[in-house]
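Listed below are the residues making up each chain.
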Amino acid sequence: MLASVALKQVGRPHVVTKVASVTQTRNMHDLTLRHQTGQPMVKYGMGGRSSTNGHIATVFGCTGFLGRYVVNKLAQQGTQVVIANRDPDESRHLKVTGDLGQIIPLEFNLKDKETLVECVRHSDVVYNLIGRDYETKNYSFNDVNAEGARRLAEACAENGVSKFIQVSALNASEDSPSKFLRSKALGEKYVREIIPDATIVRPGIMWGHEDRFLNKIGADEGWQYYVNEGETKIRPVSAIDVAQALEIMLTAESTVGKTFELYGPKEYKVKEIFELAREISMKPLPIRSIPNAAIKLIATAMDKLPYNQMVSPDLIERMKMDDKITPGALTFEDLYMKPTSLESVAIQFLRRFRSNAVFDLPYEKGDGQIQKGVYHLID
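Reading the values: the criteria
Residues numbered from 1 in each chain as written. Predicted model: local features only at pLDDT ≥ 70, side-chain atom pairs only at ≥ 80, totals over all residues. Heavy atoms only, no water. Salt bridge = Lys/Arg side-chain N within 4 Å of Asp/Glu carboxyl O. Helix = DSSP H or I, 4+ residues; strand = E, 2+ residues; numbered from the N terminus. Pairing = 2+ DSSP bridges. Axes fitted to C-alpha atoms, helices over the stretch in contact; angles between N-to-C directions. Buried < 20%, exposed > 50% of the residue type's maximum accessible area, 1.4 Å probe, protein only. Disulfide = S-S within 2.5 Å. Core = buried A, V, L, I, M, F, W, Y, C linked by side-chain atoms within 4.5 Å. Contact = heavy atoms within 4.5 Å. pLDDT = per-residue confidence, 0-100. Right-handed = clockwise from strand over helix to strand, strands pointing away. Polar contact = N/O pair within 3.5 Å; in protein donor to acceptor, adjacent residues only side chain to side chain.

Engineer: I'm lost on the pattern of salt bridges in this one. Help?
Structural biologist: Opposite charge on two side chains allows them to pair when their charged atoms are near. Counted by the stated rule, this structure contains 16 salt bridges. Among the salt bridges present, the one from Glu317 reaches Lys296, with a minimum N-O distance of 2.6 Å. Note that Glu317 is positioned in helix α10 (residues 313-319) and Lys296 in helix α9 (residues 292-302), a separation of 21 residues in sequence. A cluster of three or more residues bridged by salt bridges with shared partners is formed by Glu147, Arg150 and Glu154.

Here is the structure:
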């Protein structure tokens, strides 16, 4: 805060200029204690990107689609963010999301506990956004989504991290036919066994500027297909909305130990998403409906190829599953948020796939209305 003002005389002897020098001091209301560890958090500044709110957060999976938005949201409110990465070149674009010294890159290896400890030992909040929807020769689904989550939870528990937020996936279940979703459910189980107060977040299929959902549909590469005759029901959600929810959880103590399922406000069939993309992009976007047995056979064969990231038998299983909401799970409403409707903003993401002749034409069916936000303070 502002201290007393001292007056000094400067300049030539016969010219007196009074200059006020302002000194910033710390007061008791700038000091906050962490609820679980009792460690002090000292904040300073007027709030925002160029201030410090006293929190230090480590984000694992920061270089992914969701991670970049989470880092940006945290840094914009003055959080010092440790961006844990495996390759410095992949995280260098995140340095500009925060002020000087607020974004700290550290390398880690998911199988090396010492590097995990180094990334979390100064933090009071840790986000685990690590997730891989295909297997490699070095990492299986269990290695990343289950064992990796367990190692992170153990490192946080041993180093007194007060809040651990585990990002899982909608439909995660130990009984799921999908190996990916089973491993996500197992990761939730391990985390809760080690840190009972951990917050679990299960987002649906996310869309945004760098997604592999709308961009894949609009690219029209001639390889588009769907299973189940396009009848699979999904609830796509904005990645920015999910990042905003994760930012709220930084300071909202009411979210500790809870499970949140974050999904869009409207349910779509997959073929309805393609119809929406055709209307907005004004392109035919041909798509093939392949029988389940045939596509699974093709996926099994392609899964044997090295560096295959296009299709796998497990991906086909997930494409056949409807999004199911868990009874009693908390949602955006419990964070006083209203998720963005895909139809109202889809033109912002799909317009770039139009030809020059129709690029500027409006999309008549989208409501496109800007809605005023409702602001709440969550304890």
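Engineer: How should I be thinking about the sheet that holds strand β8 (residues 125-128) in this particular structure?
Structural biologist: Strand pairing in a sheet takes place through backbone hydrogen bonds and is either antiparallel or parallel in direction. Pairing in this open sheet of 7 strands is parallel, and the strands run β7-β6-β5-β8-β9-β10-β15 from one edge to the other. Taken across any chain shown, the strands that pair with only one partner, and hence form the sheet edges, are β7 (103-107) and β15 (259-262). Neighbour to neighbour, the strand axes of the sheet diverge by 20° on average, direction disregarded. Of the strand pairs in this sheet, strand β9 (residues 163-167) and strand β10 (residues 199-203) are connected by 3 bridges, and their pairing is parallel.

Engineer: What is the right way to look at unusual backbone geometry in this model?
Structural biologist: Peptide bonds are, in most cases, trans, and in most cases residues other than glycine have a negative phi. Of note in this structure, Met282 is not a glycine but carries a positive phi near 55°. In this structure Met282 comes out as partly exposed when scored by relative accessible area, which is 39%.

Engineer: What am I meant to see in the state of the cysteines here?
Structural biologist: Any covalent bond linking the sulfur atoms of two cysteines counts as a disulfide. Summed over the entire model, instances satisfying the criterion amount to 0 disulfides. Free cysteine Cys62: the closest other cysteine sulfur is in Cys119, separated by 9.4 Å.

Engineer: Would you mind showing me how to read the nonpolar core here?
Structural biologist: Here is a general trend for soluble globular proteins: nonpolar side chains tend to be buried in one another's company. Ranked by internal contacts, the top residues of the largest apolar core, which has 36 residues, are Val59, Leu66, Tyr127 and Leu246. Only β5 (56-60), α1 (65-76), β6 (80-85), β8, β9, α7 (239-251) and β15 provide two or more residues apiece to this core. Per element, the largest residue contribution to this core is 8 residues, and it comes from α7. Each residue touching Leu246, except ones within four places of it in the same chain, is listed here: Leu66, Val70, Tyr127, Ile165, Val167 and Val201. Formed by 23 residues, the second largest nonpolar core is a distinct cluster that contains Ile273, Ile280, Ile347 and Leu350.

Engineer: Quick question: what am I supposed to make of the confidence of the model for the protein here?
Structural biologist: Where the model shows low pLDDT, its predicted coordinates should not be examined in detail. Residue-level pLDDT values for the protein average 86, and 85% of them are 70 or greater. Scored below 50 in pLDDT, residues 15-23 makes 22 contacts in the model with residues more than four places away or belonging to other chains.

Engineer: Could you clarify how one ought to interpret the pairing of β8 in this entry?
Structural biologist: Looking along a regular strand, one sees side chains alternate from face to face of the sheet. Burial along β8 is two-sided: the face carrying Val125 and Tyr127 and the face carrying Val126 and Asn128 are both buried. Relative to β8, β5 runs parallel, the two being bridged by 4 bridges. Across the sheet, the residue bridging to Phe60 is Asn128, located in β8. Two elements, β8 and β9, share 4 bridges in a ladder whose sense is parallel. In the strand pairing of β9, Val125 is matched with Lys163. Of the crossover connections in this fold, the one passing from β8 over helix α4 (residues 141-158) to the parallel β9 is right-handed.

Engineer: What am I meant to see in the environment of Arg121 here?
Structural biologist: Following the sequence through the fold, Arg121 ends up in the loop between α3 (113-120) and β8. Each C-alpha atom, one on Arg121 and one on Ala155, is 8.3 Å from the other, the two residues being 34 residues apart in sequence. Within polar-contact distance, the side chain of Arg121 engages the side chain of His122 at 3.4 Å.

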